[in-house]
Amino acid sequence: MDKKKLYIRNLTDGTTDINLQLELLAGEKGLDKEICVGDVNRPGLSLAGFFDFFAFSRIQLFGLGETAYMRNISDKQMKEMLETFFSYDILCCVFTHDVKPNQIFIELANAKNIPTFVSRYSTTRFISLWTHAVEQYFAQEMTIHGSLVDVFGVGVLLLGKSGVGKSECALELIEKGHRLVADDVVEIQKIDELFLFGTAAEIIRHHMEIRGLGIINVREIYGIGSVRNRKRIDIIVMLEEWDETKEYDRLGLDELKYTILDIDLSYITVPVRPGRNIPILIETAALNHRLKKMGTNSARELDLKIKDIVSKE
Amino acid sequence: MVEDIVYINSDAGVHARPAMMLVRTAMKYPCEVFFIKDDVEANAKSIMGVLALAITKGSKLIIRAHGGNEEEAVHELVSLIQNDFKEEDKIKV
């Protein structure tokens, strides 16, 4: 999939979720420039005439300091300074605190086609909103065939072949009081290069297809407490048909990893066969994951205890 | 791997019944089948997956299959869509 593109135009045209309370003041012709980085630059040093390391390809953020500086210089100095400033291929300028620049700035920005906005937010607030919005916009995404359930606060992604019983297992977990995030189609988004968040496709959210029953609305049947919209994925549970020839983990000493969008997640394989109560295994796997996160690894601790005893001979 | 492109003609788009017909057809074959619309991929053997694609009239759909009987699977799905989901042998319920 091609990388998503973001243009300055998109900040105000309502085509994205980004809402930074921007009002365009000048440079309308430059709106088609592409935003490539989510970093910001405070142009204080450049305004004072120091242009080494000038990050002109970032959004230029004029806070109270910058506007105060520009108020304190003469019109002549202002013009000279802006001539040099705008000679760089500046992405766009944003004035915060709802403080608008003077006419000289507006005229030059129009002449050079540098989009210039004013925002109601304070500078720090703007930076955090901007960074978050751009990060979210450029987050890597993918869809995966599986079910995502919140079990005791642990995001469990059930994977496995069609017909192995992912949906039935998810349904039984819901029945036990856990929460469905997505069934069959899980949209995954990578946030901050650290976490994966899963959600359902909007159109089929909180619905499931159960063979023999058809399509059901989980939210209507089990109530609002049985669903949630978004959940961080913590562990992967692979359901597979019991294979006599395969060795399944009997100790749990080695932690296996499953990689999605370059993020490693704890991974367990649960073999399915009639009479095995899979939901209870998944509940236990989720609790065990929490226990590990809180510093207790049952398998390792028992192993240490046994090592201690058997080595005393 | 076999791939074909097809456009949806039926006015109502792919709602629950046509989705079921697509899934039923895909299920007949052992191969893995995927529908791809606007770069979004869905498992053709999953009703929810197909519904989530929100396939409207005029949508361009890529049908991709790999595995056993991939040729036949893609061919039958394409003709099902081209015939606006009119099956000759209706399954009685």
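Residues numbered from 1 in each chain as written. Chains lettered and ligands numbered in written order. Predicted model: local features only at pLDDT ≥ 70, side-chain atom pairs only at ≥ 80, totals over all residues. Heavy atoms only, no water.

1. Points about the overall build of chain A
Filter applied, for reference: Here a helix means four or more residues in a row that DSSP labels H or I, a strand means two or more in a row labelled E, and each is numbered from the N terminus. C-alpha atoms define the radius of gyration in this analysis, and the globule rule sets the expected value at 2.2 Å times the number of residues to the power 0.38. Buried means the residue's accessible area, taken with a 1.4 Å probe over protein chains only, is under 20% of the maximum for its type, while exposed means over 50%, and partly exposed covers the values in between. Contact criterion: two residues are considered in contact whenever any of their non-hydrogen atoms come within 4.5 Å of each other. Every accessible area reported is derived by Shrake-Rupley at a probe size of 1.4 Å, with residue values counting cover from the shown protein chains alone. Lys and Arg are tallied as positive, Asp and Glu as negative. Neither His nor the chain termini are counted. The atom standing in for a charge is NZ when the residue is Lys, CZ when it is Arg, CG when it is Asp and CD when it is Glu.
Assigned secondary structure in chain A consists of 9 helices and 17 strands. The C-alpha radius of gyration computed for chain A amounts to 27 Å, which surpasses the reference 20 Å derived for 313 residues by more than 25%, pointing to a less compact arrangement than a globule. Along the longest, intermediate and shortest principal axes, the C-alpha atoms of chain A span 85 × 60 × 30 Å. Classification of the 313 residues of chain A by burial places 44% in the buried group. A sequence separation of at least 24 residues applies to 68% of the contacts in chain A between residues at least 6 apart. Per element, the accessible surface of chain A, about 17,300 Å² overall, is 50% carbon and sulfur. Put simply, chain A has 39 plus and 46 minus side-chain charges, and the middle of one group is 3 Å from the middle of the other.

2. What to know about the packing of helix α6 (residues 166-175) of chain A against helix α8 (residues 278-293) of chain A
Residue and element names in this part refer to chain A. Selection criterion: Each axis is a line fitted through C-alpha atoms, taken for helices only over the stretch in contact, and angles between the N-to-C directions span 0 to 180 degrees. Oblique is the label for any angle not under 35 degrees, not over 145, and not in the 65 to 115 range, which are roughly parallel, roughly antiparallel and roughly perpendicular in turn. A crossing counts as left-handed when the near helix is turned anticlockwise from the far one by less than a right angle, and as right-handed when that turn is clockwise. Any residue outside Ala, Val, Leu, Ile, Met, Phe, Trp, Tyr, Cys, Pro, Asp, Glu, Lys and Arg is labelled polar, Gly included; the first ten of those are nonpolar and the last four are charged.
Remark: α6 packs on α8, axes separated minimally by 9 Å, with the N-to-C direction vectors making an angle of 70 degrees. When the interaxial angle is binned, α6 and α8 end up roughly perpendicular. The interaxial crossing formed by α6 with α8 has right-handed handedness. Between α6 and α8, the residues in contact are Cys169, Glu172 and Leu173 and Ile278, Pro279, Ile282 and Glu283, respectively. Residues that form the contact of α6 with α8 fall into these classes: 5 nonpolar, no polar and 2 charged.

3. Brief notes about helix α5 (residues 123-138) of chain A
All names here are of chain A. Put simply, the rule reads: What a helix is expected to span follows from its residue count: subtract one and scale by 1.5 Å. By construction, the arc corresponds to the directions joining the helix axis to the C-beta atoms.
Helix length check: α5, at 16 residues, gives a terminal C-alpha distance of 22 Å against a target of 22 Å (1.5 Å per residue), a fit within 8%. All buried positions along α5 are accounted for by Thr123, Phe126, Trp130, Ala133, Val134, Tyr137 and Phe138. Axial view of α5: buried residues confined to an arc of 115 degrees, hence all on one face. What points out from α5, more than 90 degrees from its buried face, is the exposed set Thr124 and His132. Those residues of α5 hidden inside the fold are in contact with β1 (22-26), β2 (40-41), β3 (59-62), α2 (64-71), β4 (92-95) and β5 (116-119).

4. Digging into the pairing of strand β11 (residues 195-200) of chain A
Within a regular strand, the side chains alternate between the two sheet faces. Residue and element names in this part refer to chain A. Using the following cut-off: Two strands qualify as a pair provided DSSP detects at least 2 bridges between them.
Within β11, 5 of the 6 residues are buried, which leaves it mostly tucked inside the rest of the structure. Strand direction decides the pairing type here: strand β10 (residues 185-191) and β11, joined by 6 bridges, are antiparallel. Bridge pairing links valine 186 to alanine 200 in β11. Hairpin connection, β10 to β11: the antiparallel pair is bridged by 3 residues, and aspartate 192 has positive phi, about 55 degrees.

5. Observations regarding the sheet that holds strand β1 (residues 2-7) of chain B
Residues and elements named next belong to chain B. What the 4 strands build is an open sheet, ordered β1-β4-β2-β3; its pairing is antiparallel. Each edge of the open sheet is held by one strand with a lone partner, namely β1 and β3 (40-43). Adjacent strand axes in the sheet meet at a mean angle of 25 degrees, parallel and antiparallel pairs treated alike. The pairing of strand β2 (residues 32-37) with strand β4 (residues 60-66) spans 5 bridges and is classified as antiparallel. Note on β4: the bridge partner recorded for phenylalanine 35 is isoleucine 63. Packed onto the sheet, helix α3 (residues 70-82) meets β1, β2 and β4 and runs at close to 0 degrees relative to β1.

6. Observations regarding the packing of aromatic side chains
All names here are of chain A. The test is simple: Ring pairs shown here join Phe, Tyr and Trp side chains whose ring centres sit within 6.5 Å, with only the six-membered ring taken for Trp; geometry is labelled stacked below 30 degrees between planes, edge-to-face above 60, and tilted in between. In this scheme, the term charge over a ring applies when either NZ of a lysine or CZ of an arginine sits within 6 Å of the ring centre and within 35 degrees of the ring normal.
For the structure shown, the criterion picks out 16 aromatic pairs over all chains. Relative to tyrosine 88, the ring of phenylalanine 56 has its centre 5.6 Å away and its plane inclined at 40 degrees; by these criteria the two rings are tilted. One end of the pair, phenylalanine 56, is in the loop between α1 (44-47) and β3; the other, tyrosine 88, is in the loop between α3 (75-86) and β4, and 32 residues separate them in sequence. A relative accessible area of 31% means that phenylalanine 56 is categorised as partly exposed. A residue is classified by how much of its surface remains accessible, and tyrosine 88, at 26% relative accessible area, is partly exposed. Through pairs of rings, three or more aromatic residues link up here, namely Phe51, Phe54, Phe56, Phe62, Phe85, Phe86, Tyr88, Phe95 and Phe105. It is arginine 230 that lies over the ring of phenylalanine 197; its NZ or CZ is 4.4 Å from the centre. Its end group placed over the ring of tryptophan 242, arginine 273 keeps NZ or CZ at 3.9 Å from the ring centre.

7. Observations concerning a nonpolar patch on the surface
Which entries qualify depends on this criterion: The patch calculation keeps residues exceeding 30% relative accessible area without a salt bridge and links them within 9 Å when they carry like charges or within 5 Å when they are nonpolar (Val, Leu, Ile, Met, Phe, Trp, Tyr). Here, a salt bridge means any Lys or Arg side-chain nitrogen found within 4 Å of an Asp or Glu carboxyl oxygen.
On the surface, Leu302(A), Ile306(A), Ile309(A) and Val310(A) cluster together into a nonpolar patch covering about 380 Å² of accessible area. Residue position: Val310(A) is located in helix α9 (residues 298-310).

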